[in-house]
Each structure stands twice: as C-alpha cells, then as structure tokens.
Amino acid sequence: MRTAGPVVRVGTRMMFVHTEATWHAYIERELPTRRSPLLWMCADGLLLFDTDGLGARLAAHARALAAAGPPPVPADEIDDCRYALTDLLDDLAGSTDPSERLFIATELVRRTAELALAVSGSWGGGGKWLARRLETTAPEVNARLHHGLREALDGRAESLVTVVDEVLARAGGRFWVGYKRAGTP
C-alpha cells in the first residue's frame, strides 16, 4: 500500500505539514469543538506542494465540511455558557475597581461572542478567528460588543449588559437558579 506524500499549508508565518492520517486525526479531534483552525486553513488556504493530488482532495473535503457547518452544541454546554455569563454579569454589577472591570468585561465579550456563534449554529474560533467568525455571522453583535466594552471600561456597563442579555435571551436567558453540575470524584 502506497502512503500519500505530505500536504503542506502555509499560515501567516508558519508552515503546516500533514500526512493524510495526521490531517484526519486533527480534524476528527477539532470538529466536535466546532473550532478547527486546520479545517479553515485547508478550506481557504494556499496549497503549496501536492505531487499526488492528496492536497487537492483534502482541500475539497475541508471546504465541504466547512460548508456543512459545525455539529450542534449540546444543551448542557449552552447551560454552562449561560451560567458563566450570568455569573460574570453579577460580578460586573458589583465591581467598582477598574482593573477588575477590565477582566470581567473582556471575559464577558469573549464568552458572549462564543455563545452568539453557538446559538446561531456557526463555527467558533479563538483569538482572531473568534473576531472573524463573529463579524461574518453577527456583525451587529460584534459592533455592539466592541462599543459596550469601551463603555464598560469607562465605568458605564449598561450597553454591554444589554447586548449580553440579548444574546443570552436567544439561548434561554440568564441562568442562575437551578443550575447544577456533578463534581468529579
């Protein structure tokens, strides 16, 4: 049995080299998280080296997976997000320290963006990919989160709280009473 040659992809400043087996292993691990940098690099990136057509086949497969969308978010994961956001909103309401407010507000923005993508059935991401996915999927939420963050850092949290509550409402609202998770032994 012949082993296919490597597939080489170039990111902004890095080169990623995969065999078919390693590519599938990464994708299988990343897809359930609904965040797959490799999938998007292969779907949208530049293929540099492909002597046997494997790279083109994997790129086509990546485009098909990306177009099909991510797997649904489990209900308990949505509840975990709702609880975490509810807790952060409570922390923000009780914070008078600008340093605390910085970290609370930025965490609220990140987690709200993740929940907005999850409830819309969109792919997620981290760092720049979270910003890109949110801008593509929900540009109005993205703009309002930016505005709300600036206001919250200046001590006016109302606009940030409003957009967080609107995203929470799409997922079932704030979740405090009745939330429970079993601890690990």
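As the structure is a prediction and not an experimental result, all values here were calculated from the model.

**Student:** How would you summarise the pattern of salt bridges if you had to cite specific residues and measurements?
**Tutor:** Two side chains carrying opposite charge are able to pair once their charged atoms lie near each other. Considering all chains together, one arrives at 11 salt bridges under this definition. Across the pair Arg110 and Glu114 runs a salt bridge whose closest N-O atoms are separated by 2.8 Å. Here Glu114 and Arg110 lie together in helix α5 (residues 98-119), a separation of four residues that amounts to about one turn. Through salt bridges with shared partners, a single ionic network connects Arg35, Glu107, Arg110, Arg111 and Glu114.

**Student:** Can you explain helix α2 (residues 37-44)? Please cite residues and give values.
**Tutor:** With respect to burial, α2 is a largely interior element, six of its eight residues being buried. Looking at α2, one finds that the buried residues are Leu38, Leu39, Trp40, Met41, Cys42 and Ala43.

**Student:** Tell me about the nonpolar core, and name the residues and values.
**Tutor:** Grouped together as the largest cluster of nonpolar side chains are 29 residues, with contacts concentrated most on Leu108, Leu115, Leu134, Val141, Leu145, Leu160 and Val164. Broken down by secondary-structure element, the contributors of at least two residues to this core are α4 (75-93), α5, α6 (128-137), α7 (139-153) and α8 (158-171). Per-element accounting of this core gives the leading share, nine residues, to α5. Leu31, Met41, Cys42 and Leu54 belong to the second-largest nonpolar core, a separate cluster that totals 14 residues.

**Student:** I'd like to hear about the packing of aromatic side chains, residue by residue, with values.
**Tutor:** One pass over the structure, following the stated rule, counts four aromatic pairs. Measuring from centroid to centroid gives 5.6 Å for Tyr83 and Trp176, while their planes differ by 25 degrees, and the two rings are stacked. Taken together, the residues Tyr83 in helix α4 and Trp176 in the segment after α8 connect sequence positions 93 residues apart. Judged by its relative accessible area of 29%, Tyr83 falls in the partly exposed class. Relative to Tyr179, the ring of Phe175 lies with its centre 5.5 Å away and its plane at 85 degrees, an arrangement referred to as edge-to-face. When its relative accessible area of 15% is taken as the criterion, Phe175 is described as buried.

**Student:** I'd like a rundown of a nonpolar patch on the surface, residues and numbers included.
**Tutor:** A cluster of nonpolar side chains, contributed by Leu46, Leu48 and Phe49, occupies part of the molecular surface with about 300 Å² of accessible area. Within the element layout of this structure, Leu48 appears in strand β3 (residues 47-49). The class for Leu48 is partly exposed, based on a relative accessible area of 48%.

**Student:** Report on the packing of α5 against α8, specifying residues and quantitative values.
**Tutor:** The packing of two helices is summarised by the inter-axis angle and the distance between the axes. Here α5 crosses α8 at 30 degrees, and the two axes come no closer than 10 Å. In terms of orientation, α5 lies roughly parallel with respect to α8. You can see that α5 and α8 cross each other, and the crossing is left-handed. Here Ala105, Leu108, Val109, Thr112, Leu115, Ala116 and Val119 of α5 lie close against α8, whose contacting residues are Leu160, Val164, Val167, Leu168, Arg170 and Ala171. Here the contact of α5 with α8 is composed, by residue class, of 11 nonpolar, one polar and one charged.

**Student:** So, the side chain of His18: which residues are in play, and what are the values?
**Tutor:** Looking at the secondary structure, you find His18 in strand β2 (residues 15-18). Among the polar contacts listed, one links the side chain of His18 to the side chain of Thr22, at a separation of 3.0 Å.

**Student:** Before we move on, can you summarise the confidence of the model for the protein chain with the specific residues and values?
**Tutor:** Here the protein chain averages 90 in pLDDT, and 92% of its residues register 70 or above. Taken element by element, the predicted model of the protein chain shows its lowest mean pLDDT in strand β1 (residues 7-10) (52) and its highest in α8 (98).

Parameters and conventions
Residues numbered from 1 in each chain as written. Predicted model: local features only at pLDDT ≥ 70, side-chain atom pairs only at ≥ 80, totals over all residues. Heavy atoms only, no water. Salt bridge = Lys/Arg side-chain N within 4 Å of Asp/Glu carboxyl O. Helix = DSSP H or I, 4+ residues; strand = E, 2+ residues; numbered from the N terminus. Buried < 20%, exposed > 50% of the residue type's maximum accessible area, 1.4 Å probe, protein only. Core = buried A, V, L, I, M, F, W, Y, C linked by side-chain atoms within 4.5 Å. Phe/Tyr/Trp six-rings, centres within 6.5 Å; stacked < 30°, edge-to-face > 60°. Patch = residues over 30% accessible without salt bridge, like charges linked within 9 Å, V, L, I, M, F, W, Y side chains within 5 Å. Areas by Shrake-Rupley, 256 points an atom, 1.4 Å probe, with all protein chains shown as cover. Axes fitted to C-alpha atoms, helices over the stretch in contact; angles between N-to-C directions. Parallel < 35°, antiparallel > 145°, perpendicular 65-115°, else oblique. Left-handed = near helix turned anticlockwise from the far one by under 90°. Contact = heavy atoms within 4.5 Å. Nonpolar A, V, L, I, M, F, W, Y, C, P; charged D, E, K, R; others polar. Polar contact = N/O pair within 3.5 Å; in protein donor to acceptor, adjacent residues only side chain to side chain. pLDDT = per-residue confidence, 0-100.

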